[in-house]
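# Structure at a glance
Okay, here's what each chain looks like letter by letter:
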Amino acid sequence: QVQLVESGGGLVQAGGSLRLSCAASGRTFSWNVIGWFRQAPGKEREFLAAIKWSSGNVYYADSVKGRFTISRDNDKNTVYLQMNSLKSEDTAVYSCATGFFSFGYNASPRGYTTWGQGTQVTVSS
């Protein structure tokens, strides 16, 4: 069993920054990718970024490329999402998830098996 705990969400003004954390524990050998997703009210869950744990390769959705940065701390089994230049449309619940993919990553939420509880990010304009 894998457990994921997100933290770092909150209220921020447009143009500001936040850093989200996702701490993984449990059967950490059962996954090789951690992804970040978000879901705004009335919208589908959206892929943001992913990191391949073994290689450190990172992948981004076009919508956040250049503004968001995903990184990891191997010793802490923690992945971070640094979010800069936040906009009101970034308001959503942000979740991390783990999956196992033989090649690269998967931008579809269906490919991920374990999800954290989510953390709310609200950007005021």
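Residues numbered from 1 in each chain as written. Predicted model: local features only at pLDDT ≥ 70, side-chain atom pairs only at ≥ 80, totals over all residues. Heavy atoms only, no water.

## Focus: the overall build of the protein
Each helix and strand in the protein was counted, giving zero helices and 11 strands. Taken from N to C terminus, the helices and strands of the protein fall in the order β-β-β-β-β-β-β-β-β-β-β. For the C-alpha atoms alone, the extent of the protein along its principal axes is close to 40 × 25 × 25 Å. Residues classed as buried in the protein amount to 44% of the 125 residues present. The long-range fraction of contacts in the protein, counting pairs at least 24 apart against all pairs at least 6 apart in sequence, stands at 57%. (Helix = DSSP H or I, 4+ residues; strand = E, 2+ residues; numbered from the N terminus. Buried < 20%, exposed > 50% of the residue type's maximum accessible area, 1.4 Å probe, protein only. Contact = heavy atoms within 4.5 Å.)

## A few points about the state of the cysteines
Within this structure, the stated rule accounts for one disulfide. Note on cysteine connectivity: Cys-22 is disulfide-linked to Cys-96, with sulfurs 2.1 Å apart. In this structure the cystine formed by Cys-22 and Cys-96 twists about its S-S bond by roughly 75°; its chirality is therefore right-handed. One end of the pair, Cys-22, is in strand β3 (residues 18-26); the other, Cys-96, is in strand β9 (residues 92-99), and 74 residues separate them in sequence. The same class applies to Cys-22 as to Cys-96, namely buried. (Disulfide = S-S within 2.5 Å.)

## A few points about unusual backbone geometry
Across the chain, the bulk of peptide bonds are trans and the bulk of non-glycine residues have phi less than zero. Notably, Asn-77 is not glycine yet its phi reads approximately 50°, a positive angle. Relative to the helices and strands, Asn-77 resides in the loop between β7 (68-73) and β8 (78-83). For Asn-77, a relative accessible area of 21% puts it in the partly exposed group.

## Some words on the pattern of salt bridges
Counted by the stated rule, this structure contains four salt bridges. A salt bridge links Arg-38 to Asp-90, with the shortest nitrogen-to-oxygen separation between them at 2.8 Å. Linking Arg-38 in strand β4 (residues 33-39) with Asp-90 in the loop between β8 and β9, this pair joins segments that are 52 residues apart in sequence. When the shortest N-O distance is used, the salt bridge between Asp-62 and Lys-65 registers 3.3 Å. Via salt bridges that share partners, Arg-38, Glu-46, Arg-67 and Asp-90 belong to a single interconnected network. (Salt bridge = Lys/Arg side-chain N within 4 Å of Asp/Glu carboxyl O.)

## Let's talk about the nonpolar core
Counting residues in hydrophobic clusters, the biggest one holds 36 residues, and the most contacted among them are Ile-34, Trp-36, Phe-68, Leu-81, Met-83, Tyr-94 and Tyr-112. For this core, the elements supplying multiple residues, two or more each, are β1 (2-7), β3, β4, β5 (46-52), β7, β8, β9 and β11 (119-124). Top contributing element to this core by residue count: β5, with five residues. Apart from residues no more than four positions distant in its own chain, Tyr-112 is found in contact with Val-33, Gly-35, Phe-37, Phe-47, Ala-50, Ala-97, Thr-98, Gly-99, Phe-101, Tyr-105 and Asn-106. (Core = buried A, V, L, I, M, F, W, Y, C linked by side-chain atoms within 4.5 Å.)

## Some words on the sheet that holds β3
Think of a sheet as strands paired side by side through backbone hydrogen bonds, with each pair either parallel or antiparallel. Strand order in the open sheet formed by four strands is β1-β3-β8-β7, with antiparallel pairing between adjacent strands. Strands with a single pairing partner mark the edges of an open sheet, and in this sheet they are β1 and β7. Within this sheet the neighbouring strands show an average axis-to-axis angle of 20°, counted without direction. One ladder, built from six bridges, connects β7 with β8; its direction is antiparallel. Bridge pairing in β8 links Ile-70 to Leu-81. (Pairing = 2+ DSSP bridges. Axes fitted to C-alpha atoms, helices over the stretch in contact; angles between N-to-C directions.)

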